[in-house]
Each structure stands twice: as C-alpha cells, then as structure tokens.
Amino acid sequence: MRLLIAEDDAMNRDMIARRMRWEGFTITLANDGAEALHLARTEMPDLILLDMGLPKQNGWEVARQLKSDDATRHIPIIALTAYALPEDRIKGLASGCDAYELKPIDFERLIQRIHDLTSNPTAP
C-alpha cells in the first residue's frame, strides 16, 4: 500500500515514515502543502497522512482541493495534527479529511484507521 506523508517537521516526518515502512507501507514524502498536492496528483497514493499546519498551503486547503478534484477525491485523507480543539476536528472533517488523529501519534490506532479506510472507504 502506498502512503503519502505530508509533514513539514523533519523529525516527525522521519519518525512517521520509519514506522510506516516498518509496517510494510511504501512511502512518498512531502514537506509542504504545494508538494503534497503535486505528489497526490502524480503518485495517486492509496492514502494520505496530512499535517494541518503545512507551509505554502495548509492541510485544510490541501484536503479541500483534493476532495474537489474528480481524480483525487477517492483518496482517503487522515489529518495528523496537534490542533486538538473540537472545532479543529470539525474543520478538518469539513475540509474533506476522512479521519482526524492527534499528535502525539497513537501508532496502533493510526495503523488500524489506515486499514479501515483502505479496506472500507466509507468507514466513519
């Protein structure tokens, strides 16, 4: 399974990528929102792990653009973020994210969520 990880913090990006590779996923990395949009459209990953606080274009805008494009709207997006307020979660889901996971990351929960969304794309 191919994952796009969009994370601007190098340490977080490396930690997430290492864990996901260890789980058997093929990884593509993006450092900012513009790169995430480009890679989502050219690589067509099976799922996107999207930081909301990205430079150039934030995660909310990236999710909105991907979900409004017929070519990418089917790709599940999991927000990975430190924005922990209830209204942040609502905003993330309203922008098109299929799930909203908080940092620090609970990897067991995240991996289960990835499998849920890719085996049953209509899972809540």
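In what follows, the structure referred to is the one given above.
**Student:** For this particular structure, what's the right way to read the side chain of Glu101?
**Tutor:** Mapped onto the fold, Glu101 is located in strand β5 (residues 99–102). Since its relative accessible area comes to 7%, Glu101 is described here as buried. Not counting residues up to four positions away in its chain, the partners in contact with Glu101 are Ile78, Ala79, Leu80, Thr81, Arg109, Leu110 and Arg113.

**Student:** Is there a simple way to explain the pattern of salt bridges in this structure?
**Tutor:** A pair can form between side chains of opposite charge whenever their charged atoms are brought close. Enumeration over the complete set of coordinates arrives at 12 salt bridges. Notably, a salt bridge pairs Asp69 with Arg41, separated by 3.5 Å at the nearest N-O pair. Highlighted residues: Asp69 in the loop between α3 (59–67) and β4 (77–81) and Arg41 in helix α2 (residues 33–43), separated in sequence by 28 residues. Among the charged side chains, a salt-bridge network with shared partners connects Glu7, Asp51 and Lys103.

**Student:** Sorry if this is basic, but what is going on with the nonpolar core here?
**Tutor:** Taken as a class, soluble globular proteins show a tendency for nonpolar side chains to be buried jointly. If you look at the biggest cluster of nonpolar residues, it comprises 20 residues, and the most contacted ones within it are Ile48, Leu50, Met52, Leu66 and Ile77. For this core, the secondary-structure elements that each account for two or more residues are β1 (2–6), α2, β3 (47–51), α3 and β4. Contacts of Met52, omitting those with residues within four sequence positions, involve Asn58, Gly59, Trp60, Ala79, Leu80, Thr81, Tyr83, Cys97 and Tyr100. Counting residues in each nonpolar core, the second largest holds 18 residues, with Leu3, Ile27, Ala99 and Leu110 among its members.

**Student:** Which parts of the structure should I look at to understand the sheet that holds strand β2 (residues 26–30)?
**Tutor:** The sheet built from 5 strands is open, its strands ordered β2-β1-β3-β4-β5 with parallel pairing. Looking along the sheet, the strands with just one partner apiece sit at the ends: β2 and β5. When strand polarity is set aside, the average angle formed by the axes of neighbouring strands in this sheet is 20°. Relative to β4, β3 is paired through 4 bridges, and the arrangement is parallel. Paired with Leu50 across the bridge in β4 is Ala79. Where α2 meets the sheet, it contacts β1, β2 and β3, and its direction lies at approximately 145° from that of β2. Packed onto the sheet, α3 meets β3 and β4 and runs at close to 150° relative to β3.

**Student:** Is there a simple way to explain the environment of Asp70 in this structure?
**Tutor:** For Asp70, the position within the fold is in the loop between α3 and β4. For Asp70, a relative accessible area of 63% gives the class exposed.

**Student:** Teacher, can you tell me more about the pairing of β4 here?
**Tutor:** In the case of a regular strand, side chains alternate between the two sheet surfaces. With 5 of its 5 residues buried, β4 lies for the most part within the structure. Of the two faces of β4, the one lined by Ile77, Ala79 and Thr81 and the one lined by Ile78 and Leu80 are each fully buried. Read as a crossover between parallel neighbours, the route from β3 over α3 to β4 is right-handed. For the crossover that starts at β4, traverses helix α4 (residues 86–94) and ends in the parallel β5, the hand is right-handed.

What counts, and at which threshold
- Residues numbered from 1 in each chain as written.
- Predicted model: local features only at pLDDT ≥ 70, side-chain atom pairs only at ≥ 80, totals over all residues.
- Heavy atoms only, no water.
- Helix = DSSP H or I, 4+ residues; strand = E, 2+ residues; numbered from the N terminus.
- Buried < 20%, exposed > 50% of the residue type's maximum accessible area, 1.4 Å probe, protein only.
- Contact = heavy atoms within 4.5 Å.
- Salt bridge = Lys/Arg side-chain N within 4 Å of Asp/Glu carboxyl O.
- Core = buried A, V, L, I, M, F, W, Y, C linked by side-chain atoms within 4.5 Å.
- Pairing = 2+ DSSP bridges.
- Axes fitted to C-alpha atoms, helices over the stretch in contact; angles between N-to-C directions.
- Right-handed = clockwise from strand over helix to strand, strands pointing away.

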